[in-house]
Amino acid sequence: MMSDKMAQAASKTCEICVSASGSHYCLECEQYFCENCKGFHKRQRGTKNHQFQSSSDVIPEGKSKCKDHNEDVSFVCNTCNVAVCSSCVTDSHLGHAFSKLLDSISQLKETNTTDLRSKVHEATQNMKQLEEGLKAFDVKVEGIVKAITEEGTKIKTMVDKCISEKIASVKDQSRKERDKLTKLLEDTQKDLKAGRNLDKKIHELNKTRNDGKLLQSLQKLTDYIAKLTVKPIPEFPNIQYTTKSATDNDVKQLFGNYIISEMRTQQTMNRERELPSPKSDYKQEVNPKERGRYLYRCNKCGREERSYSTNILIRHHITLQSQLRLLHGTRVPSTKKAKDAKERLSQTRVPSTKEAKDAKERFKLISQTGNDMAKV
């Protein structure tokens, strides 16, 4: 049916001259025009701003009728956002803001086209960034997998090397002990052979006459037997191996760690901004409930003490010491006494530890001299 309508629109004749083909369609007049009649129509003062479209691209429809006045709607009431006819302008919509129907339609078409193109462009750019980000993420994942594989290969190589070294060490040390046992076995075999030879000699001597020659032979045999020593069996070397029960967690500790950050949407970031910020460590550090509120420094030795009280005597001296406020942000009272104390403190030099010790020794010496003079 749509193709029939398009063919019918393309076969329309000009409604002005009723002779040529109506290849142009006026949107305002809703009429078909030929090329000559269109040019004449555009030269007229009242119709020069009319818009034309090709008759093959537009299938014109009849104008909507006003339900109240049965007239063609040609305006838009911007106040009520409805299409109205000319009678509505002076009737029920009197005093409202209006615009031409075709102008509103054209503006809406342009606005919709612009907005849609903008969103399509934004979506296209987002899609490109997502595709690039996905490819980059896949590359990073492959890199991590490769790094884990290489690390595992290195660990396997180190394990194989350690196995080879341990086996070589076992064989080397065991070979030394085995050589000792082999040497002892050879010596024992020699002693056994010598003993068998002497035993054979005894049997031979037992077959001879009992004379002086036999006596000499037996004496020599006695010396040989005395020299023949049988080495005792030593304590055999022992070898044992204590295994370590390695767990899967021990093996995992040999590898590095990886971190995959979660995808954060705009909604997630906005929600994080709304969360209350935690208290700073600085405020907790200077909390007066946890530490002494005031810091005092001795003008004589430089020692410091903390206290909640504003009136304190440093216990290792009898003189009243200057006061320093510890809490940051606490205002020092602007009294004349406080200012004078602060000025004296700034001009007072804190003695070093050596000077304090020397002063203490001099004080002891003067006290001892005074006591000795009092005794005299």
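Worth saying up front: this structure is predicted, and the values here are computed from it rather than measured.

Trainee: It is not clear to me how the sheet that holds strand S1 (residues 24–26) should be interpreted in this structure. Could you clarify?
Mentor: Note: strands within a sheet are paired through backbone hydrogen bonds, in either parallel or antiparallel orientation. Spatially, S2-S1-S3 is the arrangement adopted by the three strands of the open sheet, whose pairing is antiparallel. In the strand order of this sheet, the two ends are held by strand S2 (31–33) and strand S3 (52–54), each with one partner. Neighbour to neighbour, the strand axes of the sheet diverge by 35° on average, direction disregarded. The pairing of S1 with S2 spans three bridges and is classified as antiparallel. In the sheet register, Tyr-25 faces S2, and the bridge partner there is Tyr-32.

Trainee: Looking at this structure, I do not really get the layout of surface pockets. What am I missing?
Mentor: Space left empty within the atom packing is revealed by a probe, the size of a water molecule, rolled over the atoms. Considered as a void within the structure, the second largest pocket measures approximately 650 Å³ in volume. Taken together, 17 residues make up the lining of the second largest pocket; nearest its centre are Cys-162, Ile-163, Lys-166, Tyr-241 and Lys-244. Looking at the lining of the second largest pocket, the elements that each hand over two or more residues are helix H4 (101–205) and helix H6 (248–252). Counting residues per element, the lining of the second largest pocket draws most heavily on H4, which supplies seven residues. Here the lining of the second largest pocket is built from residues that sort into eleven nonpolar, three polar and three charged.

Trainee: Would you mind going over H4 with me for this structure?
Mentor: The periodicity of an α-helix, 3.6 residues per turn, causes residues three or four positions apart to be oriented the same way. Along its 105 residues, H4 runs 152 Å from first to last C-alpha, staying within 8% of the 156 Å computed at 1.5 Å per residue. Within H4 the residues assigned to the buried category are Ser-104, Gly-152, Ile-155, Asp-187, Leu-198 and Leu-205.

Trainee: Before we go on, may I ask you to explain the sheet that holds strand S5 (residues 82–84) in this structure?
Mentor: Strands sit in the order S5-S4-S6 across an open sheet of three strands; the sheet is antiparallel. Lying at the two open borders of the sheet, with one neighbouring strand each, are S5 and strand S6 (98–100). Between one strand axis and the next, the sheet turns through 35° on average, direction left out of account. Of the strand pairs in this sheet, strand S4 (residues 75–77) and S6 are connected by three bridges, and their pairing is antiparallel. Residue pairing for S6: Val-76 is matched across the bridge by Ser-99. With respect to the sheet, H4 is in contact with S4, S5 and S6, its orientation differing from that of S6 by roughly 80°.

Trainee: Even after reading the chapter, I still don't get the pattern of salt bridges, so can you show me in this structure?
Mentor: Pairing between side chains becomes possible if they bear opposite charge and their charged atoms approach one another. Within this structure, the stated rule accounts for four salt bridges. Note that Lys-180 is salt-bridged to Glu-177, the shortest N-O span being 3.6 Å. Residue Lys-180 and its partner Glu-177 are both found in helix H4; the two are separated by three residues, about one turn of the helix. Overall, the relative accessible area of 55% leaves Lys-180 in the exposed class. Classification of Glu-177 by relative accessible area gives partly exposed; the value is 33%. Two residues, Asp-187 and Lys-231, come together in a salt bridge whose shortest N-O distance is 3.2 Å. Residue Asp-187 is found in helix H4, and its partner Lys-231 is found in the loop between helix H5 (212–227) and H6; the two are separated by 44 residues along the sequence. Asp-187 gets classed as buried once you look at its relative accessible area, which sits at 13%.

Trainee: Sorry if this is basic, but what is going on with unusual backbone geometry here?
Mentor: Backbone phi values are negative for most residues with the exception of glycine, while trans is the configuration of most peptide bonds. One non-glycine residue, Val-18, adopts positive backbone phi at about 50°. With a relative accessible area of 62%, Val-18 lands in the exposed category. With a phi angle near 55°, Glu-30 is a residue other than glycine that sits in the positive phi range. If you trace the backbone, Glu-30 turns up in the loop between S1 and S2.

Trainee: Whenever I open this one, the side chain of His-24 confuses me. Can you help?
Mentor: By the secondary structure assignment, His-24 is in strand S1. Once you skip the residues sitting within four places of it in the chain, His-24 turns out to touch Gln-31, Tyr-32, Phe-33, Cys-34, Glu-35, Lys-38, Phe-52, Gln-53 and Ser-55.

Trainee: Would you explain a nonpolar patch on the surface in this entry?
Mentor: Nonpolar side chains collect at one region of the surface, where Phe-137, Val-141, Ile-144, Val-145, Ile-148, Tyr-258 and Ile-260 lie side by side and expose about 660 Å² of accessible area between them. Owing to a relative accessible area of 48%, Val-145 belongs among the partly exposed residues under this scheme.

Trainee: Mind showing me how you'd approach the state of the cysteines here?
Mentor: Note on terminology: disulfide describes a covalent bond linking the sulfur atoms of two cysteines. This structure, assessed with the given rule, holds zero disulfides. In this structure Cys-66 is a free cysteine whose sulfur lies 3.5 Å from that of Cys-88, the closest cysteine sulfur available.

Reading the values: the criteria
- Residues numbered from 1 in each chain as written.
- Predicted model: local features only at pLDDT ≥ 70, side-chain atom pairs only at ≥ 80, totals over all residues.
- Heavy atoms only, no water.
- Pairing = 2+ DSSP bridges.
- Helix = DSSP H or I, 4+ residues; strand = E, 2+ residues; numbered from the N terminus.
- Axes fitted to C-alpha atoms, helices over the stretch in contact; angles between N-to-C directions.
- 1 Å grid on protein atoms, 1.4 Å probe; cavity = no way out; pocket = protein on both sides within 12 Å on 5 of 7 lines; lining within 4 Å.
- Points joined across faces, edges and corners; volume = space filled by probe spheres on them.
- Nonpolar A, V, L, I, M, F, W, Y, C, P; charged D, E, K, R; others polar.
- Expected span 1.5 Å × (residues − 1).
- Buried < 20%, exposed > 50% of the residue type's maximum accessible area, 1.4 Å probe, protein only.
- Contact = heavy atoms within 4.5 Å.
- Salt bridge = Lys/Arg side-chain N within 4 Å of Asp/Glu carboxyl O.
- Patch = residues over 30% accessible without salt bridge, like charges linked within 9 Å, V, L, I, M, F, W, Y side chains within 5 Å.
- Areas by Shrake-Rupley, 256 points an atom, 1.4 Å probe, with all protein chains shown as cover.
- Disulfide = S-S within 2.5 Å.

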